[in-house]
Amino acid sequence: MANAGEAAKAAPWRDPGARAYVQIERVSKSFGDFKAVDDVSLKIYQGEIFCLLGASGCGKTTLLRMLGGFETPTSGRILIDGEDMSGVPPYERPVNMMFQSYALFPHMSVEQNVAFGLKQDGVAKGEIAERVGTMLDLVKLRGFEKRKPHQLSGGQRQRVALARSLVKRPKLLLLDEPLGALDKKLREHTQFELIGLQDKLGVTFLVVTHDQEEAMTLASRIGVMDHGEIVQAGTPAEIYEFPSSRFVADFVGSVNIFEGKLLDDEPEYVRIGSEELGGTIYVSHGISAAPEAVVWAAIRPEKIFMSTAAPHGAGSDNVVRGAVQDIAYLGDLSIYLVKLPTGKVVRVTQPNTSRHAEAITWEQQVYLSWDASSPVVVTR
Amino acid sequence: MRLLAPLRRVGISGRGLVVTLPYLWLLLFFVVPFVIVLKISFSDVDLAIPPYKPLIDWVGKNSLAIRLNFNNYAFLFTDPLYVHAFLNSVKVAFISTVLCLIIGYPVAYGIARSTSTTRNILLLLVVLPFWTSLLLRVYAWIGLLKANGVINNVLMALGVIHEPLEMLYTPFAMYVGIVYSYLPFVILPLYANLEKMDWQLLEAAQDLGCRPWQAFYKITLPLSRNGILAGSMLVFIPAVGEFVIPALLGGPNALMIGRVLWDEFFSNRAWPVASAVAIVLLLLLVPFMMWYQSVQARESAGTR
Amino acid sequence: MNYRRSAFIITCLAFGYAFLYIPILSMVVFSFNASKLVTVWDAAHSPTLKWYYSLIHDDEILDAAWISLKVAVINASGSVILGTLAGVGLARFAQFKGRFTLNAMTTAPLVMPEVITGLSMLLLFVAMEQWIGWPAGRGITTMTIGHMTFSMAYVTVVVQSRMATFDTALEEAAMDLGARPLKVFFVITLPIIFPAILSGWLLAFTLSWDDLVISSFTSGPGSSTLPMVVFSKVRLGVSPEINVLASITIGVVALIMVGVSLWMARARRLGKKAAD
């Protein structure tokens, strides 16, 4: 499924010569003693859907508000399409925002809400009517023009908010937890609608969310934030498969992390001895780490094979034994918590490929193994 | 506003303009008068218009004499009439506040715990007298309390008494009048406070073994503290300086300082003394007013 | 304990409301009493409307009512402007020079005894007349200024508390869409808080209409307000015309209140902070 626009497919962030549409340069924001945003630098390219992902309090909303002009950076600057936004108030920026609570004007109709921004710009009446009409068509709210916000459902209000913020064709659209208020089914549906809209209009999106599923689905690139800093920025695949730290590995999806020390450090492979694991991990690529450094190997649950018999051709690397402690059956897959002799509990997920498979049960002794390419080694 | 850009360079912002107008108005018409009252409280009575001598006088060609007459204040503190009036006012206000709380708290509680429609009707009924002229409502009590008034007539007709009770122009009438007039001022803040309470706390308490009255005493009462304080201040402070009710219902023995001030001013034309009374009254009440403000600040901080 | 069946609370409610309303109802009842003694029911000639006719033709009361009306309307309108500015300023601007003072000045009049406020304002007017020649004597102008000073404090409180529940995201959204702050205030904020401003107007009107003490201090010859006339009459005892005045007042207030509360309940559905 397309979780990247046309522009994103070209991966402009890999091209050192490409000009960033939105440049955030060393921006910090402090509230008294509290540093909400700490020296953040980021480049966002035209046509991207960029997601700021993080837990509450990590600074993502503050960063968003600085882009919108509702907070001023304590230091650093923001450029949009080459223009420095320092001192530029929200009503003069080529940026529009979709608020978490939608913030629809309760005393105005759907039509008036959507037309509001165009009226402020002094657009001619006829053109306003035309553009509002087109927008309402796009969000599938034709026929709702005269309704007031309190007469709409949550999903409908969200679409009005979207229409209102897009009708001005802003250079950058900021979305604050856009899908948070919707129930699960509606959320999935809206996610794909959002992507489709963005593709059609070519607007650059910046989405703020704490929901990693949302981020993974929507984004062409994700910026993971923690304590005011961006700890890693990359495509969803990069973030998931190549996390740069334990925090990122643990934040996005589930992961098993084993602490250990380097036993062999070669250009093409490393071997890590982990007491937690009670064994060794052989990783088929080199890493750069100081000798004697403590490292962590992160292995995703779906990349671990579980079997009742010992795996063939096994050396002593990348294999351990354990006992099944807990099972959660989720229909399409099952999650197994396997306790190792060292006490560590490993999370394994397996798709239920067969309806009549021999089920692995509680207390059962199993072998866990994985490919040499599966572990990701992180040094912080 | 593009108009503001040049102003901003001079340091005046749009925000500043918004609050400037009310600020200046209140400064001129609310604060400055107090300075003038203070000044006049130090001056002498004069048979002139206005009936006080100026404080600052030219003596000879190059010297100014400032005369501060402390007699007015000395008079206040030594004359038994004033001392008695001050103390009586505080006493009356205090007792009235307590009575208002005793009657008003259950009413506020009852309203807060009613269902939505009942509650709106009850609230409307409480607020309605508040919007009706105080003067007229106090007047109503004249009709009720006088010798051939409603209460006496009813009691005599029922045979409960054989001679009319003397109720009007007594301290009793004054208490009734004050409690009656200020009751809504206690009910409304209390209601506002109780309405925000989480009633599940009481259920939790009872679940843990508390009897209903204990739960009220240990949970509801402490949590409604801000409402009680706000309501008390809204009664006590104005009641100390109350004039209308003592004048209409109190009779000659009901000495309240508000009435004393009025009489000094209108009947005796003794403006300096009246000013001194006002200053002392103000000093007496300022700590309570500050306390009220801090209670309000605490209450609004709690709801954020 | 099922609260609803608490006999104690219901008794207290009954007593409380009876206490509040018996005096009011007795005034209304006796306004139809033919006897001049008011509280002694003259069964032979009552109920009668003769005191109603008498009141409507009482020039002194009618003139005073007219003056009260003028002062109350000007006062309410002026207080609403000052009070809205102060209320919005205090609610929206977290920090500004003089905030503490403004806050103190808008809460003090709410609790201060009126004799103090009245006296101080009169002395101000006298002093001003001495220094700059204005105001020349006391009358409607000085009375209106006096009323406005304490009424605006009430309006400030009403507006400020309404602004506290106002969703700031609405103002930010309007700015985000290109509206300058002043425009946002008039096009977004004001229409939504309008019911609060209206109730502030009504509050200021009522405070002025019913005010006795401050009016007495700040008025001049020929500018007696209705409460002042009523006061001089009731100092001497009961008067049937006053009962009639009370009944009419209560009737009008009750009608307006029911009307306003129905309208406000409808308006309350708009602009509430909680997004459904």
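Residues numbered from 1 in each chain as written. Chains lettered and ligands numbered in written order. Predicted model: local features only at pLDDT ≥ 70, side-chain atom pairs only at ≥ 80, totals over all residues.

### Topic: the overall build of chain B
- Within chain B, the secondary structure is distributed over 14 helices and 2 strands.
- At 25 Å, chain B has a C-alpha radius of gyration far larger than the 19 Å of a compact globule built from 304 residues.
- With respect to the principal axes defined by its C-alpha atoms, chain B has extents near 85 × 70 × 35 Å.
- By the burial criterion, 42% of the 304 residues in chain B qualify as buried.
- Nonlocal contacts in chain B, meaning residues at least 24 apart in sequence, comprise 70% of its contacts between residues at least 6 apart. (Helix = DSSP H or I, 4+ residues; strand = E, 2+ residues; numbered from the N terminus. Rg over C-alpha atoms; globule rule 2.2 N^0.38 Å. Buried ≥ 20, exposed ≤ 12 C-beta atoms within 10 Å, placed from the backbone. Contact = placed C-beta atoms within 7 Å.)

### Digging into the overall build of chain A
- Looking only at helices and strands, chain A has 9 helices and 20 strands in total.
- Taken along its principal axes, the extent of the C-alpha atoms in chain A is 75 × 50 × 40 Å.
- By the burial criterion, 39% of the 380 residues in chain A qualify as buried.
- The long-range fraction of contacts in chain A, counting pairs at least 24 apart against all pairs at least 6 apart in sequence, stands at 65%.

### Focus on the interface of chain C and chain B
- Contact with chain C, which involves 68 residues of that partner, is made by 74 residues of chain B.
- The dominant element in the side of chain C that touches chain B, judged by the number of residues it contributes, is helix H1 (residues 7-30) of chain C, at 12 residues.

### Some thoughts on the sheet that holds strand E6 (residues 95-98) of chain A
Residue and element names in this part refer to chain A.
- With mixed pairing, 6 strands are arranged side by side in an open sheet as E6-E7-E8-E3-E9-E10. If you trace the sheet from one side to the other, it starts and ends with E6 and strand E10 (229-234), each paired once. For this sheet the average axis-to-axis angle between neighbouring strands, irrespective of direction, equals 20°.
- In terms of strand pairing, strand E3 (residues 49-53) meets strand E8 (residues 204-209) through 5 bridges, oriented parallel. By the bridge assignment, Leu 52 is partnered in E8 with Val 208. (Pairing = 2+ DSSP bridges. Axes fitted to C-alpha atoms, helices over the stretch in contact; angles between N-to-C directions.)

### Some details on the environment of A:Arg93
Residue and element names in this part refer to chain A.
- One can find Arg 93 in the loop between strand E5 (83-84) and E6.
- For the pair Arg 93 and Lys 171, spaced 78 residues apart in sequence, the C-alpha to C-alpha distance is 9.1 Å.
- Aside from chain neighbours lying at most four places away, what touches Arg 93 is Gly 69, Met 85 and Val 88.

### Let's talk about the sheet that holds strand E20 (residues 376-378) of chain A
Residue and element names in this part refer to chain A.
- The 5 strands lie next to each other as E13-E12-E11-E14-E20, forming an open sheet whose pairing is antiparallel. Bordering the open sheet on either side are strand E13 (279-283) and E20, each of which pairs with just one other strand. Put simply, the sheet's adjacent strands are angled 40° from each other on average, direction ignored.

### Concerning the interface of chain A and chain C
- Contacts between chain A and chain C engage 18 residues on the former and 18 residues on the latter.
- Put simply, the parts of the chain that give the side of chain A that touches chain C at least two residues each are E6 and helix H3 (110-120) of chain A.
- With 3 residues, the single largest contributor to the side of chain A that touches chain C is H3(A).
- Grouping the constituent residues of the side of chain A that touches chain C by class yields 10 nonpolar, 7 polar and 1 charged. (Nonpolar A, V, L, I, M, F, W, Y, C, P; charged D, E, K, R; others polar.)

### Let's talk about the domain arrangement of chain A
Residues and elements named next belong to chain A.
- Split by domain assignment, chain A resolves into domain 1 (6-94 + 170-246) and domain 2 (254-378).
- The distance between the C-alpha centroids of domain 1 and domain 2 comes to 34 Å.
- Opposite the 5 residues of domain 1 that make contact, domain 2 presents 5 residues.
- Residue composition of the side of domain 1 that touches domain 2, grouped by class: 2 nonpolar, 2 polar and 1 charged. (Domains from an automatic or database assignment.)

### Digging into the environment of B:Leu145
All names here are of chain B.
- Within the secondary structure layout, Leu 145 lies in helix H6 (residues 134-145).
- By the C-beta count within 10 Å, which is 24 here, Leu 145 ends up buried.
- For the pair Leu 145 and Asn 71, spaced 74 residues apart in sequence, the C-alpha separation works out to 41 Å.
- When residues no more than four places from it in sequence are discounted, the contact partners of Leu 145 are Ile 151, Met 167, Leu 168 and Ala 173.

### Brief notes about the arrangement of the chains
- Contacts are most numerous between chains B and C, taken over all 2 pairs of chains that touch.
- If you take every C-alpha in chain A and every C-alpha in chain B, the smallest gap between them is 12 Å, and the two do not touch.

### Examining the packing of H6(B) against helix H8 (residues 171-195) of chain B
All names here are of chain B.
- At a minimum axis distance of 10 Å, the contact between H6 and H8 shows a crossing angle of 140°. Between H6 and H8 the crossing geometry is right-handed. Here Leu 134, Arg 137, Val 138, Trp 141 and Leu 145 of H6 lie close against H8, whose contacting residues are Ala 173, Val 176, Gly 177, Tyr 180 and Ser 181. (Left-handed = near helix turned anticlockwise from the far one by under 90°.)

### Considerations on unusual backbone geometry
- Between C:Trp134 and the following residue, C:Pro135, the backbone shows a cis peptide bond with an omega angle of 0°.
- Structurally, C:Pro135 is set in the loop between helix H5 (114-132) and helix H6 (140-164).
- Non-glycine residue A:Asp39 carries a positive phi angle of around 50°.
- Checked against the element boundaries, A:Asp39 lands in strand E2 (residues 34-44).
- At A:Arg169, a position not held by glycine, the phi torsion is positive, near 45°.

### Details of the environment of A:Met306
Residues and elements named next belong to chain A.
- Relative to the assigned elements, Met 306 resides in strand E15 (residues 304-307).
- Each C-alpha atom of the pair Met 306 and Val 348 lies 7.7 Å from the other, and the pair is 42 residues apart in sequence.
- Once residues lying within four places of it in the same chain are set aside, the contact partners of Met 306 are Tyr 336, Val 348, Gln 350, Ile 360, Val 366 and Leu 368.

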